[in-house]
Each structure stands twice: as structure tokens, then as C-alpha cells.
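Each chain, written out:
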Amino acid sequence: MSSQLMMQPRWRSIGVLSLLVATFSSLGAGAQSNQELRLLDRISLPQAQSVATDIRWASDSSVYISWDRAGVAEVGLDGVKRRTLVPDLKTLGDIDHYTHLAVSPSTLVVSSQLWTTVWRPLKGNPGGEVIFQRHEIPIVEDIDVSGDRVLLMGLAEHQKGARDIAPKGDVAWVGTLSGKMEDFKPVLYDLGGPGAPNYFHCRHFSMGAVRFLADGSFIVAPGFQDGITLFRAGGQKVRSWTNEQAGIDTHPDCPKMTDQEDEQFRTEAGWQRWLNGHHVLDDILPLPQGPGLLVRFWGTDRQAHWTLKVLEPGGVKTYAVPVVGHRPVDRLHGDVRNGRIVLLLSASGFDWSLDPANMPSEILLLEIPKA
């Protein structure tokens, strides 16, 4: 099923269909720690009507920001909004949230966690017309784009019912924009097999992440099961690290969780209890020296803290991220450009996106660690 919308600066849209998945092996490595990233600046985001959800560099002096309901905009590092690239939910229509953001030099992709992924060219047509394309993906855990290629973690196949979910256990995929996201091929499978039991019960926790690196290779970190795998651009496995090496907790209860326990974990209190009781992966940064994992944990000071775990062929280097999150749902998302890391510090998850206390967000500018 596919559709299209053509939008003038008064917007209008398009739709299309989708699929994606990955595997793992292991490598011994020693961790080094206690180095700290250098914080260059922190910028408050402009007021919005919902929580900021993701970030990507737009230029050396600006970033793209997605808000849960308010759309996607380019914002300068002075905190001033420059232009709107995706309108609010009501204007675009047929999408529930703007949860995940991905950008290539020519295309911007934004996705809801459930069902709808939308993309548009960064440049409009000569008349100012903007064409959005749309594809239905049942669950998007994370998404990234590199040129024409799309990398997805989640459940990409359409389902008729619970028993038809991930019939082969596929949980990460690679496809193309030119194929309208209808050509996804699996690259990673749930170790529990058909039905993806490790992932399915923990699909609400935002535990995993995927990212393309500068050379077209890509990294898949499920979070819900052990193993973080680096793939060549062609999909061949290069090497793997364990969750323990990366400082991430593997949730032991996902595959054996009952429906009742699943319902409890899906409440705000249940989710926060899990989130703040574990070391959790927030995002992956495409650093020059290798993928950098932003790992979150809740401190004894009752604040959120983060470390950056850089996965290198010879080991894992650990850097302290010199910021804290004061809200129990604060998380980090980020991107890398020309020697600098940009991070979005914001509340995220469930239906608190309209709570005014959760709307203030910050852009954090840091120097990348020295190789």
C-alpha cells in the first residue's frame, strides 16, 4: 500500500510500504575509563507544544530537531528556529508521533514508533512544492539513512495478528528509499527465533539503536539481547562486542514475560522503574574512530548520567558525558559533524509529551574525543 502527498508551503502528503533486520558474534576487549568529553556550549530550544524527540546536524551552525507532535524544524545553534521541514501532526495527517529522525545530504526521514514513516527531499521543487512519501512499518525501534539506503530496527513486516509477528525472528533490516522501503532485507534476527520473543515484550522500552557510519558500514545494537554488531556496507559481519563490554544491561525477562507483566511494564510507572534500574543504550554516534554508544544510568543522586562507549577494534574506550538529566525520563540523542558532537537532552516516552514540565529541552555541543 502506498501513497503520496504534494505540499506547497501549505502542506500536503504521499504514502508507500516497508521491511528491515541483523546477527552477532564476539570479540574480547578491555575497557578504558574516566576520560571526560569537553562541553563547548549548551543552548535552550525554542518553545514547542510537545517534547523534542531527536536531532541531526543540518549545517555547521544549525541542527534539525523533531518534536513529538510539532513536526521537524531547522534550529540555529543560537536557539532560533530557521525553517519548518515537516509540519505538525494535524497538518501532515496519518501519523501519530514524530519519534525518530534521520537525515542524508538529500533526504530527511521521520518516523512514528508505530506504523508510519515519512520522507521528503531536503530541497523543494522549483515552485516551492514539497513532496512527502509515506510507508507503513508496524514498529520502528530506530531508523537511519545513508544516501539511498535505509537501516531499521523493529518489525518491518505487516502482521495479521500476534502469531504472525516476525515469523523468522527478523528484527533489523536494510532497504532503500528508491525502493519505497518495500525492499527491506533482514540483517539481524532475534536469538529467541520466530515471533522475536526477546524483542517483542521489550519493544516499549526504546532499548536498541542502529546507525550508518561515514564509510557506509553500519552498527546494530539491539539492547534487548546480547551482542552489538558492525557490518560492512554490503551486509557482511565485521566484528561484535558483548553488551557487557559496552556497559549495557541485557534485560533478562523479555522472552519469559507474561501478558500481565507486559501490561505493567507498559505503564508510565513500570517503564520508569525499568529505565532507571538499568544501564540503557540511548543512541549511537558515528565517530571517526568507531561507533560511540551513549549509555544512560540513574545515579544515587537521583539524576540521569551518561557515558560514551567508543567501540574500537582493540577494545572499548569510556568517556564521561559532562551533563546530567534532572527528570527521571531524560534521555540523550545525538549526531557528529566536523569534530563536534551535538546532543539533544530531552524527556521522552509514553504520553507525557504534552506535560509542560517535560517540554524544556537543550542542545549540548561537545568536542569529539581525540583518537
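This section reports on the structure supplied with the text.

What counts and how
Residues numbered from 1 in each chain as written. Predicted model: local features only at pLDDT ≥ 70, side-chain atom pairs only at ≥ 80, totals over all residues. Heavy atoms only, no water. Helix = DSSP H or I, 4+ residues; strand = E, 2+ residues; numbered from the N terminus. Buried < 20%, exposed > 50% of the residue type's maximum accessible area, 1.4 Å probe, protein only. Lys, Arg positive; Asp, Glu negative; His and termini not counted. Salt bridge = Lys/Arg side-chain N within 4 Å of Asp/Glu carboxyl O. Polar contact = N/O pair within 3.5 Å; in protein donor to acceptor, adjacent residues only side chain to side chain. Contact = heavy atoms within 4.5 Å. Pairing = 2+ DSSP bridges. Axes fitted to C-alpha atoms, helices over the stretch in contact; angles between N-to-C directions.

### Quick look at the side chain of Asp142
- Tracing the backbone through its elements, the reader meets Asp142 in strand S13 (residues 130-146).
- Among buried Asp, Glu, Lys and Arg side chains, Asp142 stands out as unpaired, with Arg56 the closest opposite charge at 5.5 Å.
- A polar contact of 2.9 Å, which involves the side chain of Asp142, links it to the backbone nitrogen of Val210.
- Those residues within four positions of Asp142 in sequence are excluded, and the remaining contacts are His100, Leu151, Leu152, Met153, Gly208, Ala209 and Val210.

### Focus on the pattern of salt bridges
- The full count for this structure, using the stated rule, is 14 salt bridges.
- The salt bridge involving Asp60 is made with Arg337; its shortest N-O contact spans 2.7 Å. Taken as a pair, Asp60 in the loop between strand S6 (52-59) and strand S7 (62-67) and Arg337 in strand S25 (residues 330-337) lie far apart in primary sequence, 277 residues in all.
- Take Asp60: its relative accessible area is 39%, and that puts it in the partly exposed class.
- With a relative accessible area of 29%, Arg337 lands in the partly exposed category.
- Among the salt bridges present, the one from Arg69 reaches Asp68, with a minimum N-O distance of 3.2 Å.
- Exposure remark for Arg69: the relative accessible area of 30% places this residue in the partly exposed category.
- Overall, the relative accessible area of 8% leaves Asp68 in the buried class.

### Quick word on the sheet that holds strand S5 (residues 39-44)
- Strands sit in the order S5-S27-S26-S25 across an open sheet of four strands; the sheet is antiparallel. The strands lining the two open edges of the sheet, one partner per strand, are S5 and S25. When the angles between neighbouring strand axes are averaged without regard to direction, this sheet yields 20°.

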